[in-house]
Amino acid sequence: MNIRKKVIYSFIVLILFILSISSLSLITTYHMKENSSFAKEVSKLIIIQEDMNELINLATVENSSDNLNEIKKNFNAYEKNFEHLKSEILKKNEKDFVDNILSNIRQNKYITNYLNKLFVNEHTIELIFDEVYNFQKKHIFNNNLFKNIYPKENDTRNTLQDLIFQTNNLSLIQEFGNLKYYSKETLYQHKDELRFKKWLNSINKIIQELNKNEEDLLNLFNNYKETVKEVGTVAININLIENQEKTLIQKLISILKENKQVSISIETKIEEITSQFLNKVSTIEFILVMSIILITFILTLYITSRLTLIIKKLKLGVQKLKNGDYNVNIVINEDKEFNEIAKTFNNMAKNIKENQDTLEEKIKIRTNELQTALINIQNQKDILENLSNKLAKYLSPQIFESIFSGKQDVQLESKRKYLTVFFSDIKGFTDLTDTVETEILTQLLNEYLDIMSSIAIKHGGTIDKYIGDSIMIFFGDPLSNGKVEDAVSCINMAIEMKEEMGRLRIKWQKDGISKPFHIRMGINSGYCTVGNFGSKNRLDYTIIGGVVNLASRLEANASPDEILISNETYMFIKDSIKCTKKEELNVKGISHPIQTYEVLSSSSNSTIIEEQSGFNLILDLNEIDKSSVISTLKNTILSIEKNS
């Protein structure tokens, strides 16, 4: 037998043990559910009997025949439910197939005796209700009869009282007082024969007295005597019925107490039987679990020892193969399937030996091919990086980054965005083309554009295009920090460009450019159309719209070294940058005058630039040693004053 079959047989044995434990669990669950169901059924029986008792109590105080009949109807319904539940319990108590496997708690002799007590008590309760019902019917009848007779007796007694008092006969008046006392005792207090007889005797005494003196009242008292006999008999019957009902109620209370005790006894017995059952099941489960552990341990130990021996043989063969001994021959007698694997391994070692030389040559050739491919890939990568770097110089850094990162697609499309637009040019630059060599002019222009572009990029501006010496820049696309921040960044860029232009003028003058350069700048804010414009083969990412045209007009109307902005831009930057209000401009293409402002400096501006003919001053307050500069300026002023 091979190891695989041994493992399968071991697994089957374990499955059987697990199924045994599962069966025990199912049996336990069934037993617990059965016990719970039985306890609920017994509880329902007790509740029905208590409801029946409540109806009996209601019947004893009911004074309406219709309501009494309704109570009997409800009682019969409870009785029917009780009988139905009783039949269900007795039906389940019959022995079935499952009861041959485990004992049925319903068939326990103690519980059977308790149930029989409940059934007997239920029958007794039914008999008590029938008696109470009959008594109460009589009680209602006598009550109604009493209600009819008593007013007559009461009216007659009151009439006779008035007549007796008119006789002024003290003995009659005294005896009539006794009559009234015994009537109260008979009708409302004791309601017994003794008081009733005393009442009649008192009437008889008055009748005897009337025979002697007042014959006119005799007939009235004889009729009253007959009425008293009727009402007294009814009152005694009512009292007798009430006493009999009280006796039945006491008996009923005794039965309910007994039922309660029976219910407690049944619950206690169920708990006792359940506990015994669970103890037995726990013992069996413990034995099964320990058996599983023992068998598993034995099987694991056996199979592991066999596998260890096989693995050692395979490991030895692999080690030989690793060391270059291709004549390895592994034989496994412990298992047929592993022996087949060993034969396959032996054949593989033989094939490796035969193909080793060919394989090494193929590997060498493939390695050379891969190295060549890697060199070609690296060359292509270098070419693409070089091309990308060259293309980046023709695009704004923001546009370049959005295209190559995939955030923006290269296709004909546009969108509306709120932008701050900047235009600048060099005043009088075109005039230099006739007096300055082209090479020098190109050098100056490239130097100027390089510095201004660096400032634009530093402040987050998107460079749209260069038009000769003019520069077009916008803020707010493809990245925006908000309308206010975009406008402030644009103004700060313009201020720095203005300051840097002052430095360039001094430098160019030193380089021999006699005519000073000054720049004009115009800035406007508003909604523009921004996107790719052109054809499918040639695109230009730019902006168009009235806002762009107005920015260009502002730049054209600016004075040298002046930053001229529109009212829209001023509203964004007025709290952080100093400006002065300028005259309104009438711009071609716009029907209304345009209010303009000149930017003076920002709150963070620390550069002072002063230029006059033969005089240039540039101070960076953040960089200089102030005390040294002040001393130098004072000395310079003294020198000027001496020479003046």
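Here the structure is shown first, and the text comes after it.
First things first, this report covers the structure right here in the doc. (Residues numbered from 1 in each chain as written. Predicted model: local features only at pLDDT ≥ 70, side-chain atom pairs only at ≥ 80, totals over all residues. Heavy atoms only, no water.)

So, the nonpolar core
Phase 1: Phe422, Tyr448, Ile473, Met493, Met497, Phe517 and Ile565 are the most contacted members of the largest nonpolar core, which has 41 residues in total.
Phase 2: The element contributing the most residues to this core is helix 11 (residues 483-510), with eleven residues.
Phase 3: Discounting residues that sit within four places of it in the chain, Ile565 has contacts with Ile491, Ile523, Leu554, Tyr570, Ile573, Cys579, Gln595, Thr596, Tyr597 and Val599.
Phase 4: In terms of nonpolar packing, the next biggest core, distinct from the first, is built from 36 residues, Ile46, Leu85, Leu118 and Ile273 among them. (Core = buried A, V, L, I, M, F, W, Y, C linked by side-chain atoms within 4.5 Å. Buried < 20%, exposed > 50% of the residue type's maximum accessible area, 1.4 Å probe, protein only. Helix = DSSP H or I, 4+ residues; strand = E, 2+ residues; numbered from the N terminus. Contact = heavy atoms within 4.5 Å.)

Overview of the pattern of salt bridges
Phase 1: Throughout the structure, instances matching the rule amount to 16 salt bridges.
Phase 2: The salt bridge partner of Glu226 is Lys229, with a shortest N-O separation of 3.9 Å. Of this pair, Glu226 and Lys229 both sit in helix 6 (residues 218-322), three residues apart, which is roughly one turn of the helix.
Phase 3: Since its relative accessible area comes to 45%, Glu226 is described here as partly exposed.
Phase 4: Owing to a relative accessible area of 34%, Lys229 belongs among the partly exposed residues under this scheme.
Phase 5: One salt bridge connects Arg505 with Asp561, and the closest N-O pair in it is separated by 3.3 Å. (Salt bridge = Lys/Arg side-chain N within 4 Å of Asp/Glu carboxyl O.)

Focus on helix 3 (residues 109-167)
Each turn of an α-helix holds 3.6 residues, which means side chains three or four residues apart point in the same direction.
Phase 1: If you check helix 3, its first and last C-alpha atoms are 82 Å apart, about what 59 residues at 1.5 Å a residue would give, namely 87 Å.
Phase 2: The sharpest bend along helix 3 reaches about 30° and sits at Ile149, with the proline Pro151 one to four residues further on.
Phase 3: At the exit of helix 3 stands Asn168, carrying a positive phi of roughly 60°. (Expected span 1.5 Å × (residues − 1). Bend = angle between axes of the 7 residues up to and from the residue.)

Concerning helix 12 (residues 546-557)
Phase 1: Here helix 12 spans 16 Å end to end across twelve residues, near enough to the 16 Å set by a 1.5 Å rise per residue.
Phase 2: Considered for burial, the residues of helix 12 that qualify are Val547, Val548, Leu550, Ala551, Leu554 and Glu555. Down the axis of helix 12, the buried side of the element spans an arc of 165°, and every buried residue falls inside it. (Arc of directions from axis to C-beta.)

Quick look at the packing of aromatic side chains
Phase 1: Going through the model one piece at a time under the given rule, you end up with ten aromatic pairs.
Phase 2: Ring centres of Tyr181 and Tyr182 lie 5.5 Å apart, and the angle between their planes is 65°; on these two criteria the pair is classed as edge-to-face.
Phase 3: By relative accessible area, which is 49% here, Tyr181 ends up partly exposed.
Phase 4: Owing to a relative accessible area of 21%, Tyr182 belongs among the partly exposed residues under this scheme.
Phase 5: Ring centres of Tyr570 and Tyr597 lie 3.8 Å apart, and the angle between their planes is 5°; this geometry places the pair in the stacked category. Of the two residues, Tyr570 sits in helix 13 (residues 567-573) while Tyr597 sits in strand 8 (residues 596-602), which places them 27 residues apart along the sequence.
Phase 6: Since its relative accessible area comes to 9%, Tyr597 is described here as buried.
Phase 7: In textbook terms, an aromatic cluster arises when at least three aromatic residues are bridged by ring pairs, as seen for Phe75, Phe129 and Tyr133. (Phe/Tyr/Trp six-rings, centres within 6.5 Å; stacked < 30°, edge-to-face > 60°.)

Function cannot be read off these values alone, since they describe shape.
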